[in-house]
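Below, each chain spelled out in residue letters.
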Amino acid sequence: MLDPLDRRILVASQDGLPLAVEPFAELARRLGIPQAELLERLRRLRERGAIRRIAAVPNHYRLGFLANAMTVWDVDDREVSRLGREVGALPFVSHCYRRPRRLPHWPYDLFAMVHGRSRAETEAFRARIVEVLGPACRGGDVLYSRRILKKTGLRLAPEPPERAEEGPCSA
Amino acid sequence: MAAPTAYPSPAPFAPTPLQRALLDRFQRELPLVPAPFAAMAEAVGASEAEVIEALAQLQAAGVLARVGVTLAPNRAGASTLAAMAVPADRLEAVAALVSSYPEVNHNYEREHRFNLWFVVTAPSRARVEAVLAAIEARTGLAVLDLPLDRPFKLDLGFPLRWR
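Reading the values: rules and limits
Residues numbered from 1 in each chain as written. Chains lettered and ligands numbered in written order. Predicted model: local features only at pLDDT ≥ 70, side-chain atom pairs only at ≥ 80, totals over all residues. Heavy atoms only, no water. Helix = DSSP H or I, 4+ residues; strand = E, 2+ residues; numbered from the N terminus. Buried < 20%, exposed > 50% of the residue type's maximum accessible area, 1.4 Å probe, protein only. Contact = heavy atoms within 4.5 Å. Areas by Shrake-Rupley, 256 points an atom, 1.4 Å probe, with all protein chains shown as cover. Arc of directions from axis to C-beta.

**Describing the overall build of chain B**
Within chain B, the regular secondary structure consists of five helices and seven strands. Counting helices and strands in the order they occur from the N terminus, chain B gives β-α-α-α-β-β-α-β-β-α-β-β. A buried classification covers 47% of the 163 residues belonging to chain B. Considering only residue pairs separated by 6 or more positions, chain B has 61% of its internal contacts joining residues 24 or more positions apart. Summed over all atoms, the accessible surface of chain B reaches about 7,400 Å², with 57% contributed by carbon and sulfur.

**Some points on the overall build of chain A**
Within chain A, the secondary structure is distributed over six helices and five strands. Along chain A, helices (α) and strands (β) appear in the sequence α-α-α-β-β-α-β-β-α-β-α when read from the amino end. Looking at chain A as a whole, 54% of its 171 residues qualify as buried. Put simply, chain A shows about 8,000 Å² of open surface, and 53% of that area lies on carbon and sulfur atoms.

**A word on unusual backbone geometry**
The peptide bond linking Leu103 of chain A to Pro104 of chain A adopts the cis configuration, its omega dihedral lying at 5 degrees. Its location among the elements puts Pro104 of chain A in the loop between strand 3 (93-98) and strand 4 (110-116).

**So, helix 2 (residues 36-44) of chain B**
Residues and elements named next belong to chain B. Here helix 2 has its buried residues at Pro36, Phe37, Met40 and Ala41. Seen end-on, helix 2 carries its buried residues on one side only, within an arc spanning 140 degrees. Of the residues one or two after helix 2, Gly45 is the one with positive phi, at around 70 degrees.

**Digging into the environment of Ala12 of chain A**
Residue and element names in this part refer to chain A. Within the secondary structure, Ala12 sits in helix 1 (residues 4-13). Given the relative accessible area of 23%, Ala12 is considered partly exposed. Discounting chain neighbours no more than four positions away, the residues touching Ala12 are Leu27 and Leu31.

This is how it looks when you write it as structure tokens:
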């Protein structure tokens, strides 16, 4: 679980680091804690998986990756764990997940996000996934992005959600 | 909420060799040290001031989504990927309704019969289900609820294949 200081650190850092010589010192000053403690807690939050990454995160679309597609596959239940790992290891796949089928509307259980500079490149990547999946794959589809209607980073509210749901509390 | 990003957009940004090197090397992890930009500068053979300037330019051009922390989804509560098959003449209105929920942090139009795809994140699974139920009730359209079973690869970037 996150303690209150962890939460304050995540809330303060989720908008990005200041592009200053000592960005963590500046963040620590805002939080009123020593820089060493901030760095140590960030390290621990990353190790525990509460933070996925602390990085310079590019906007791929602005870099020319225009053909972004969600590829979806109907893969045999007995093979999907092994094959999901193999598809996830392909360098052009950014995320790869197993999700439930919703029959009869949605027969696909494996999702792999693929980023190409053109549709031709993305189609070549799909063909490579078909090869990796082999006969365990009973079908697939591709859903190209047409518009980003909303995209905000995952946000953590300043207050713990349990409290926020209970309404105002007099501390 | 920002205006929707329309596809296609103008010509892509052309980063400098230093900017390429910074994106290649630090899209997964920044040095967690008091002077991270100095450490990055040493790694790519530039000065600290050049690195800060290069990152500031990338940020101003919208090429950097952020320099900083990306939270992991499931630690923040519950989430799901949801999809709807929306008739073309209702798409704008339904998309706006979906985006109006603060629990919706991504909402994409995709080329498919299921043309609206969005991520719902909330403190609890019950709240996620309540949001999906409210969207179904207000639109009269079914919502596919596709929560994560198992990740095989998380989004930690990918090789940028410069050319």
